[in-house]
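# Fold and geometry: a report
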Amino acid sequence: MTDLQTAGVFIAVLFFLILIRIPIGVSLIAVSFGGLWAMFGWNIAWGSLGIVPYNFASSWVLSSIPAFLLMGFVAYHTRLTTGLFNAAQVWLSGLPGGLAIASVFGSAGFAAVTGSSVACSAAMGKIAVPEMVRNRYSPELATGTVAAAGTIGALIPPSILMILYGIIARESVSQLFLGGLVVGVMTLIAYVALIVVRVKLNPDLAPAVERRVTRQEKFRALGETWPILLIVIGVFAGLFGGAFTPTEAGAIGAVLSLFVAALNRTLTFSALRAAVTETIATTAGLLIIAVGASLLTRFLALSGIGDALSSAILSFGMSPLLIMVGIVMVYLVLGMMLEPVGAMLLTLPIVLPLVDESGMSLLWFGVVLVKLLEIGMITPPMGMNVFVIKGVIGNLTTLTTVFRGVFWFVVADLIIVAILIAFPDVVLFLPRLVGG
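Residues numbered from 1 in each chain as written. Predicted model: local features only at pLDDT ≥ 70, side-chain atom pairs only at ≥ 80, totals over all residues. Heavy atoms only, no water.

## Overview of the pattern of salt bridges
Tallied over the entire structure, the rule returns five salt bridges. Its salt-bridge partner being Asp-413, residue Lys-371 comes within 2.7 Å of it at the nearest N-O pair. Here Asp-413 lies in helix H20 (residues 399–422) and Lys-371 lies in helix H18 (residues 362–375), a separation of 42 residues in the sequence. Each member of the pair Lys-371 and Asp-413 is classed as buried. Salt-bridge contacts for Arg-432 lead to Asp-425; the nearest nitrogen and oxygen are separated by 2.8 Å. Counted as one network, the salt bridges with shared partners bring together Glu-140, Arg-198 and Arg-404. (Salt bridge = Lys/Arg side-chain N within 4 Å of Asp/Glu carboxyl O. Helix = DSSP H or I, 4+ residues; strand = E, 2+ residues; numbered from the N terminus. Buried < 20%, exposed > 50% of the residue type's maximum accessible area, 1.4 Å probe, protein only.)

## Let's talk about the packing of helix H3 (residues 42–57) against helix H14 (residues 269–303)
Packed helix pairs are specified by the crossing angle of their axes together with the interaxial distance, meaning the distance between the axes. Two elements in contact, H3 and H14, have axes separated by 9 Å at closest approach and are oriented at 120°. One way to sum up the angle between H3 and H14 is to call them oblique. For the crossing formed where H3 meets H14, the hand is right-handed. For the pair H3 and H14, contact is made by Ser-48, Leu-49, Val-52, Pro-53 and Phe-56 and by Leu-287, Ala-290, Val-291, Ser-294, Leu-295 and Arg-298, respectively. In terms of residue class, the contact of H3 with H14 is made up of eight nonpolar, two polar and one charged. (Axes fitted to C-alpha atoms, helices over the stretch in contact; angles between N-to-C directions. Parallel < 35°, antiparallel > 145°, perpendicular 65-115°, else oblique. Left-handed = near helix turned anticlockwise from the far one by under 90°. Contact = heavy atoms within 4.5 Å. Nonpolar A, V, L, I, M, F, W, Y, C, P; charged D, E, K, R; others polar.)

## Here we look at the nonpolar core
In terms of nonpolar packing, the biggest core is built from 142 residues, with Leu-164, Tyr-165, Phe-299, Tyr-331, Met-344, Trp-364 and Phe-365 touching the most fellow members. Beyond its immediate chain neighbours, meaning those up to four positions away, Tyr-165 contacts Arg-170, Glu-171, Leu-176, Met-344, Leu-348, Leu-352, Leu-362, Phe-365, Gly-366 and Leu-369. (Core = buried A, V, L, I, M, F, W, Y, C linked by side-chain atoms within 4.5 Å.)

## Digging into the environment of Ile-18
Relative to the helices and strands, Ile-18 resides in helix H1 (residues 3–19). For Ile-18, a relative accessible area of 7% translates into the label buried. Along the sequence, Ile-18 and Gly-35 sit 17 residues apart, while their C-alpha atoms lie 16 Å from each other.

## Quick word on H20
For an α-helix the count is 3.6 residues per turn, leaving residues at separations of three or four pointing the same way. For H20, with 24 residues, the first-to-last C-alpha span of 35 Å sits near the 34 Å given by 1.5 Å per residue. At Phe-407, H20 shows its largest kink, close to 35°. (Expected span 1.5 Å × (residues − 1). Bend = angle between axes of the 7 residues up to and from the residue.)

## Some thoughts on a nonpolar patch on the surface
A cluster of nonpolar side chains, namely Phe-16, Leu-19, Ile-20, Ile-22, Val-26, Val-333, Met-336 and Met-337, defines an oily patch on the protein surface of about 700 Å² accessible area. Relative to the elements of secondary structure, Ile-20 occurs in the loop between H1 and helix H2 (24–40). Relative accessible area serves as the criterion here: at 43%, Ile-20 is assigned to the partly exposed category. (Patch = residues over 30% accessible without salt bridge, like charges linked within 9 Å, V, L, I, M, F, W, Y side chains within 5 Å. Areas by Shrake-Rupley, 256 points an atom, 1.4 Å probe, with all protein chains shown as cover.)

## Thoughts on the packing of aromatic side chains
Centre distance and the angle of the planes are the two values used to describe a pair of aromatic rings. The tally for this structure, following the rule as stated, stands at eleven aromatic pairs. Note on Phe-33 and Trp-42: the rings are 5.9 Å apart at their centroids and 85° apart in plane angle, and the pair reads as edge-to-face. Under the relative-accessibility criterion, Trp-42 is labelled partly exposed at 41%. Judged by centre distance (5.0 Å) and plane angle (85°), the ring pair of Tyr-191 and Phe-409 falls under edge-to-face. On the criterion of sequence distance, the pair formed by Tyr-191 in helix H10 (residues 173–201) and Phe-409 in helix H20 is long-range, its members being 218 residues apart. (Phe/Tyr/Trp six-rings, centres within 6.5 Å; stacked < 30°, edge-to-face > 60°.)

## Topic: the side chain of Ser-159
Tracing the backbone shows Ser-159 in the loop between helix H8 (139–149) and helix H9 (160–169). In terms of polar contacts, Ser-159 uses its side chain to reach the backbone amide nitrogen of Met-162, at 3.2 Å. (Polar contact = N/O pair within 3.5 Å; in protein donor to acceptor, adjacent residues only side chain to side chain.)

## Observations concerning unusual backbone geometry
Of all residues except glycine, most have a negative phi; of all peptide bonds, most are trans. In this structure, Pro-158 follows Pro-157 across a cis peptide bond, with omega equal to 0°. Relative to the assigned elements, Pro-158 resides in the loop between H8 and H9. You will see that Arg-136, though not glycine, has its phi angle at about 65°, which is positive. Note on placement: Arg-136 falls in the loop between helix H7 (117–134) and H8. Notably, Arg-170 is not glycine yet its phi reads approximately 60°, a positive angle. By secondary structure assignment, the location of Arg-170 is in the loop between H9 and H10. Residue Arg-170 is classed as exposed on the basis of its relative accessible area of 77%.

Here's what the structure looks like:
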């Protein structure tokens, strides 16, 4: 067999392993090593297994991932985020669907210290869904809102997906954060508008909360958000102001979250141990997948299959718009079956050259890609955020109800994706403005 045929066989084996639920990181490493061995021999395969993981893991920017994760887990386990929903609830409860809107704003605030949609959904699910159901909100609206709002966690900085994409695509992480911030705010506004319209059309979805809130109560609730505000301002003012790099921002955020938790008298040994343990476990899982993706990139480059696929697609003379529509469809399907990190790292070695040769901005594509991957977090059959919400609320409602609840949010997300593709400057204008 030729190198291209051999590579094709091993790619087919890779997808088969993933379909039978072999962990993605293990599948990537095994297939890449086996393919290199079959084509170039033991020495090349073994040499790649030693060199490629080291070169990837030695990236200085990569050290920001455990730092940002620690910041988020410390904030979560020391309950620094509990005031977010309460403040949003007090200020927004008078609006149609006010508690649902409050959960969206609470999720956005929580996203600014976690970078994880799963953590965002889990935290807000425990707080917001029971409160909405207690106020006679439709379980469909309550659970769907929180599951969808959790996806904002991967768009608003610090986004772990964007850090990984920036390392692989060699794009500025700070610029990706800025583009993601724009799309995150767009998503927040779209979700709020959707809730207001749905409740206006069907008031039974969210009965008005009969509660008079004094000005003193509003400002007292706002004061409870100081721990998160201090961390967010301290980290991102310096990051976007050019005072420090993303790696330094992660380290400062981790230290600042510990300091604020101690100041707030919620930093206990058990909370710190849980935060450190989850940080180590999550970082290890991400690195195994990322190392496997790096090996796959080496395998595809040496076999030539990546360039062959890109050349074949471009030879059809398709416009960049048509190519992008095809990419969107692929990621929407992958998002239904794979978790975001795996789906992204599995496909980037093939997709990035295609996007680059089509003349599209890799910065813009990275932000759109994260948005697409997050849509997969709320679509069946996987819908990880949906399963997280069902897990934290127990028997409060059914899994089918949660999936029904996210339907209109998926529609809103697809409209946002269409806008981003039609008008790339929506993503790029802020990075250009700040980056000069």
